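Structural characterization, general
Chain residues, written in single-letter form:
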Amino acid sequence: MNYPFWDVPLLGGGLVIAIIAIPHVFVSHFAIGGGIFLAWTERIGIRKGKPEYIAFAKRNTLFFVLTTLVFGAVTGVGIWFSIGLVHPGATSALIHNFVFGWAIEWVLFLVEIAAALLYYYGWSRVDQKTHQFIGWAYAGAAWGSLIVINGILAFMLTPGRWVETGGFWTGFFNPSYFPSVLIRTCVCLALAGLYALLMASREPPGETHDDLVRYASTWLLPAFVGLPIFAAWFVFTLPALAQDMFMGRAAVLTIFAALSMGISATIFAFAYLIAYRNPQSVSTPVALLFLVLGLAVTGVTEFGREAARKPYIIYDYMYSNAVLKRDVARLQQEGVLRNAKWSLVSKATPQNALIAGREIFTLACAHCHTVDGYNGVRLLVKGWPEPFIEHQLTYLDQLKGFMPPFVGNPDERRALARWLASLNPSTQPARTASVATDSLSADPLARGEAAYSAHCANCHTIDGRNAIRQHVKGWTQSVAYERLGSLDSMRGYMPPYEGPETERQALAAWLASIGNDAPAAGGAR
Amino acid sequence: MNETVIPSIDPIALPAPVWLMQFLSGLTFIFHVIPMNVVLGGGAVALFLAVRGARGSQDMYVRLARRMASVLPVAIAMTITLGVPPLLFLQAMYGPLFYTSSVLMAWPWLSVIAILLVGYYGHYYFSLSKDYENPRTMIVGAVAVAAFFVIAFLYVSNMTLMVMPERFLGIQRSWTSGFLPFTGDSIFAPRFLHFITGAVSVGGLLAVFIGLLERSDAEFRAVAVRAGGFTFVGATIVQIATGIWFLLALRPRVMMLFMGQDRVATALFGVAVLLALVAVTLILVAVFGKKRPWVMIAGTACVGLTIIIMTVMRSIVREAYLGTRFVVFEQPVNPAWDVVALFLVLFVAGVVLVGWMIHAVVTRRGLAAS
């Protein structure tokens, strides 16, 4: 609410970042692995007297250099541009804490770029020893930039004690720092191996082809051995909520984690069974396919890592919507609008509810939701009557989706609910009307159901959201009758029930009947 | 809608004093601006020479164009790499202004990345192409040159909007918010023109240097020095004109700083103008006189000094525009000297290492020889 909001229709800012970040993460890991790969391969060529290894390294230099130099550098700057636009507050917080971390990363990047270029130009110009030196400078600087930037990335997920103490080093060497460095290093080596595999597959069939393919496949070994261990360590360092998300509380995340493991396992199986055991059978399309799988697994894993941070952008410090955790209580008192610098209105009133609601959505929700596109809120609240929305907003942080608590005062909650309800204009009347005609029948259960429609269905469904059947499971008619008298003292902020005596009896009978029925038999509508 | 809204400063204190960050950002900015001018101006001049040479079948121009183009990819890499620290420190010190102006022109600002990729690969193609007769080469070259001009345009736009927070709210409320670059102030046009004519001058200098470095072919040398010299002098004269326009377009309050009201600003301005004139004279002498390299080097040194002084003037203008609304030196600072020291040590070590490696590759003498 400090900065103006960049509204990206349909996609949402988060996807814009992902579109730039995923290729960058892939290429940068790949380029780091490439630096190590080139220097090491040249070394083996020299040590073991294998000129074909040296030639192989030489042939692949230009490609690695160009990916680092052009695509890696430009998309890296691109991530910066995009996070500054989508999350200016968080970017500012990171830069204030880590500006010299970034500056150090930049020094390493400078060395990496220069060494990469000189390694390329140096093939025919300097002696072997110097060339090896430049190669190791390239590899070292590239890996150095990884261990620096990793501190900042890991920080966002597990800032650890920093939240209380602040300070550069506390934030930098945070709980997930070491497992992340190890994971990323393994990934770098594996991606370089996959690329080398592709290049080796293009050699003409023969001994050199097989030797190089087998050699390239060994680059996946560290990842094969290390990733499961380091990944387990990594998950162990996560905050409890994020751990739960991986372990099944957030279906999407669990699927991502499973996908990531599944694709990785496929790649390793391929590397061992085919590339290592039967190198002669590795053709270019197959190798290419596996490089693409490598990209896929990078994408999936990064997506998962980002998602695991929900509802925070910097864990325990700043929520995705740029609200600081420590400000929530104050904002719930004062209201968000009063604290929003760019809002059209500074207070929600019944007269301006729709405008205020829209502004509150921008402030509190739009970092994760669009209206009609990605995670579109119109569909999410479809079929929700206004009072129900308003109730849901009071415990937003307990709904699915791992959302921050609603920051706003009661007037603002009402305005937001009004605006959200206005997104789907024609929801409730149809349903109420159809049940109302049934109620003409004299059957007490039908009358009970009609009473339910009139008094409860605004906020409950029978078997779906906030299912009434679950709430009344095992109730007898007399218990139900009893409880109807004290609805307002139960969970859920319900209004007291104030219907006539006969209706109360009928409703109690109906509640008891569904509470003791299985869903299918109870005629779920 | 003349209410000025500026986001509040980040609650986390800066990890180094503002003067140090200003210094580091200014220093790296200068090293960014030099290759940037080579890319922008050198690319434009090379393209112009290539088209003229191919049309009039003047081989020398084509050759010169090719030599100039061959510098571009490395110059782009340097521009990007050296552009990172100034942008980093800018965000640290001026975040409330910079993030806001960026968001208000979000799509154009983000498009810089895509345009940069186009320009980068375009210049690779242009510089590696063997065939300058082929219209396709010229089209790709023109697209790349245009790409860098558009990037320059967008940067000038954002950097101008950033110092005019009184415009923020009005833009944020308009329906074009996020979609259009900012051009709505009378300083925008002269500021942009002043920058690009400067770049063209530097492009001219590049040609002169390529000529002077040529030892075997006297004719090529003469053509390159002449063409480059004329470009430099012509563009510099236009640049002085746009500079005067720029000065007059500044808010009177700011302009007066350079016209006597502030002694340091006025002195800097005077020295800069003087240096520019000296540079033109020296380079004219170098081009038409006996072509002594040291005259050329002295002229170039004057250009370099002018650029440094202009960088300082640029920040004077920035602070003057912001006035009391955002005082960069008045923010909470909580120095983390250990990290700063680590950075400085690594920085020096990195520069030494890179210097040694360049030396080894250029002189072909490495570890084995010593």
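One numbering rule holds for all chains: residues counted from 1, following each sequence as written. The naming scheme follows written order: chains are lettered A onward, ligands numbered 1 onward. Under the rules for a predicted model, residues below a pLDDT of 70 receive no local features and side-chain atom pairs below 80 are neither given nor counted, while totals for whole chains, interfaces and linings still include all residues. Hydrogen atoms and water are omitted, and side-chain values are computed over all heavy atoms in the structure.

**Some details on the overall build of chain B**
- Only runs of H or I of at least four residues qualify as helices and only runs of E of at least two qualify as strands under DSSP, and these elements are numbered from the N terminus. Across its full length, chain B carries eleven helices and zero strands.
- Element order for chain B, N to C, with α for helix and β for strand: α-α-α-α-α-α-α-α-α-α-α.
- Each of the three principal axes of chain B carries a C-alpha extent, and together these read 65 × 50 × 45 Å.
- Each residue is placed in one exposure class: buried if its accessible area under a 1.4 Å probe, protein chains only, is under 20% of its type's maximum, exposed if it is over 50%, and partly exposed if it falls in between. Looking at the 370 residues of chain B, the share that counts as buried comes to 54%.
- Summarising the internal contacts of chain B: among those between residues at least 6 apart in sequence, 79% fall at separations of at least 24.
- Accessible areas in this description were obtained via Shrake-Rupley with a 1.4 Å probe; residue shielding takes into account the shown protein chains only. Total accessible area computed for chain B in this model is approximately 16,200 Å², and 71% of it derives from carbon and sulfur atoms.
- Here the positive residues are Lys and Arg and the negative ones are Asp and Glu; neither His nor the chain ends is included. The atoms used to mark charge sites are NZ of Lys, CZ of Arg, CG of Asp and CD of Glu. Separation between the mean location of the 24 positive side-chain charges and that of the 14 negative ones in chain B comes to 9 Å. Residue contacts are counted whenever heavy atoms from the two residues lie within 4.5 Å of one another.

**Some remarks on the interface of chain B and chain A**
- If you look at the interface, chain B gives 68 residues, while chain A gives 63 residues.
- Note on definitions: salt bridges are taken to be side-chain nitrogens of Lys or Arg within 4 Å of carboxyl oxygens of Asp or Glu. If you look at where chain B meets chain A, you find zero salt bridges.
- Pairs of N or O atoms are called polar contacts if they sit within 3.5 Å, as long as, within protein, a hydrogen donor faces a hydrogen acceptor (for residues adjacent in sequence, only side-chain-to-side-chain pairs). For the interface between chain B and chain A, the tally reads twelve residue pairs in polar contact (both at pLDDT 80 or more).
- In terms of residue count, helix H2 (residues 59–104) of chain B provides more of the side of chain B that touches chain A than any other element does, 18 residues in total.
- Residues are grouped as follows: nonpolar covers Ala, Val, Leu, Ile, Met, Phe, Trp, Tyr, Cys and Pro; charged covers Asp, Glu, Lys and Arg; every other residue, Gly included, is treated as polar. By residue class, the composition of the side of chain B that touches chain A is 54 nonpolar, ten polar and four charged.

**What to know about the domain arrangement of chain A**
All names here are of chain A.
- Here chain A is described as being made up of domain 1 (13–319), domain 2 (325–430) and domain 3 (433–515).
- Listed as interface residues are 14 residues of domain 1 and, on the opposing side, eleven residues of domain 2.
- The term buried area denotes the loss of accessible surface (1.4 Å probe radius) that occurs when two parts are joined, taken as the sum for both partners. In total, about 1,000 Å² of surface goes out of reach between domain 1 and domain 2, with carbon and sulfur atoms giving 68% of it.
- Three residues stand out in domain 1 for area buried against domain 2, namely Lys310, Tyr317 and Tyr319, and they jointly supply 41% of the buried area on that side.
- One can count one salt bridge joining domain 1 with domain 2.
- Note that Asp316 is salt-bridged to Lys325, the shortest N-O span being 3.5 Å.
- The interface formed by domain 1 and domain 2 includes one residue pair in polar contact (both at pLDDT 80 or more).
- Considered class by class, the residues forming the side of domain 1 that touches domain 2 number ten nonpolar, one polar and three charged. Domain extents, as shown, originate in an automatic or database domain assignment.

**Comments concerning the side chain of His460(A)**
- Within the secondary structure, His460(A) sits in the loop between helix H19 (444–455) and helix H20 (468–471).
- Discounting residues that sit within four places of it in the chain, His460(A) has contacts with Tyr452(A), Arg465(A), Asn466(A), Ile468(A), His471(A) and Met494(A).

**Points about the state of the cysteines**
All names here are of chain A.
- Here, the term disulfide refers to a pair of cysteine sulfur atoms separated by no more than 2.5 Å. Counted under the stated rule, the structure contains zero disulfides over all chains.
- Here Cys186 stays unpaired: no disulfide links it, and the sulfur of Cys188, its closest cysteine neighbor, is 9.1 Å away.
- Take Cys368: it sits in no disulfide, and the sulfur closest to it among the cysteines is that of Cys365, at 8.7 Å.
- In this structure Cys368 comes out as partly exposed when scored by relative accessible area, which is 26%.

**Looking at helix H6 (residues 188–213) of chain B**
- The terminal C-alpha atoms of H6(B) lie 38 Å apart, and with 26 residues this matches the ideal 38 Å at 1.5 Å per residue to within 8%.
- Across the 26 residues that make up H6(B), a large majority, 20, are buried. Expected helix span is computed as 1.5 Å times (number of residues minus one).

**Observations regarding the side chain of Glu412(A)**
Residues and elements named next belong to chain A.
- With respect to the helices and strands, Glu412 occurs in helix H17 (residues 410–422).
- Buried charged residue Glu412 carries no salt bridge. Nearest counter-charge: Arg338, at 8.5 Å.
- One polar contact links the side chain of Glu412 to the main-chain amide nitrogen of Val336, over a distance of 2.8 Å.
- Not counting the four nearest positions on each side in its chain, Glu412 is found in contact with Gly335, Val336, Leu337, Arg338, Ala348, Ile360, Phe406 and Val407.

**Considerations on the pattern of salt bridges**
- According to the stated counting rule, one finds 21 salt bridges over all chains in the structure shown.
- If you follow the salt bridges from partner to partner, you end up with Arg184(A), Glu302(A), Arg305(A), Glu306(A) and Arg309(A) in one network.

**A look at the confidence of the model for chain B**
- Per-residue confidence from the predictor is given as pLDDT, running between 0 and 100. The predicted model of chain B averages 93 in pLDDT, with 99% of residues at 70 or higher.
- In the predicted assembly, ipTM is 0.93 and pTM is 0.86.

**Re the environment of Val118(B)**
All names here are of chain B.
- Along the polypeptide, Val118 turns up in helix H3 (residues 106–128).
- Exposure remark for Val118: the relative accessible area of 43% places this residue in the partly exposed category.
- Between the C-alpha atoms of Val118 and Val140, which are 22 residues apart in sequence, the distance is 9.5 Å.

**Concerning the confidence of the model for chain A**
Residues and elements named next belong to chain A.
- Looking at chain A, pLDDT values average 88 and 95% of them are 70 or higher.
- This model gives residues 427–439 a pLDDT under 50, and the stretch forms 13 contacts once residues within four places in sequence are excluded.
- In this model residues 520–525 is a low-confidence stretch, pLDDT under 50, and it forms seven contacts with partners more than four residues away in sequence or in other chains.

**Description of a nonpolar patch on the surface**
- A surface patch of nonpolar side chains, about 700 Å² in accessible area, is lined by Trp169(A), Phe173(A), Phe178(A), Leu182(A), Trp233(A), Phe236(A) and Leu342(B).
- Broken down by secondary-structure element, the contributors of at least two residues to the nonpolar patch are helix H7 (177–201) and helix H9 (221–237) of chain A. Patch construction takes residues with relative accessible area above 30% that form no salt bridge. Like charges are linked within 9 Å, and nonpolar side chains (Val, Leu, Ile, Met, Phe, Trp, Tyr) are linked within 5 Å.

**Looking at the packing of aromatic side chains**
- Whether two aromatic rings pair depends on their centres lying within 6.5 Å, for rings of Phe, Tyr and Trp, where Trp uses its six-membered ring; planes under 30 degrees apart make the pair stacked, over 60 edge-to-face, and the rest tilted. All told, the structure shown has 57 aromatic pairs over all chains when counted by the stated rule.
- Relative to Phe347(B), the ring of Phe343(B) has its centre 5.7 Å away and its plane inclined at 10 degrees; by these criteria the two rings are stacked. Of this pair, Phe343(B) and Phe347(B) both sit in helix H11 (residues 337–363), four residues apart, roughly one helical turn. No difference in accessibility class separates Phe343(B) from Phe347(B), as the two residues are buried.
- Three or more aromatic residues joined by ring pairs form one cluster here, namely Phe98(A), Phe155(A), Trp162(A), Phe168(A), Trp169(A), Phe172(A), Phe173(A), Tyr177(A), Phe178(A) and Tyr317(A).
- We call a charge positioned above a ring when the Lys NZ or Arg CZ atom is no farther than 6 Å from the ring centre and deviates by at most 35 degrees from the ring normal. The ring of Tyr94(B) has Arg318(B) lying over it, and the distance from NZ or CZ to the ring centre is 4.7 Å.

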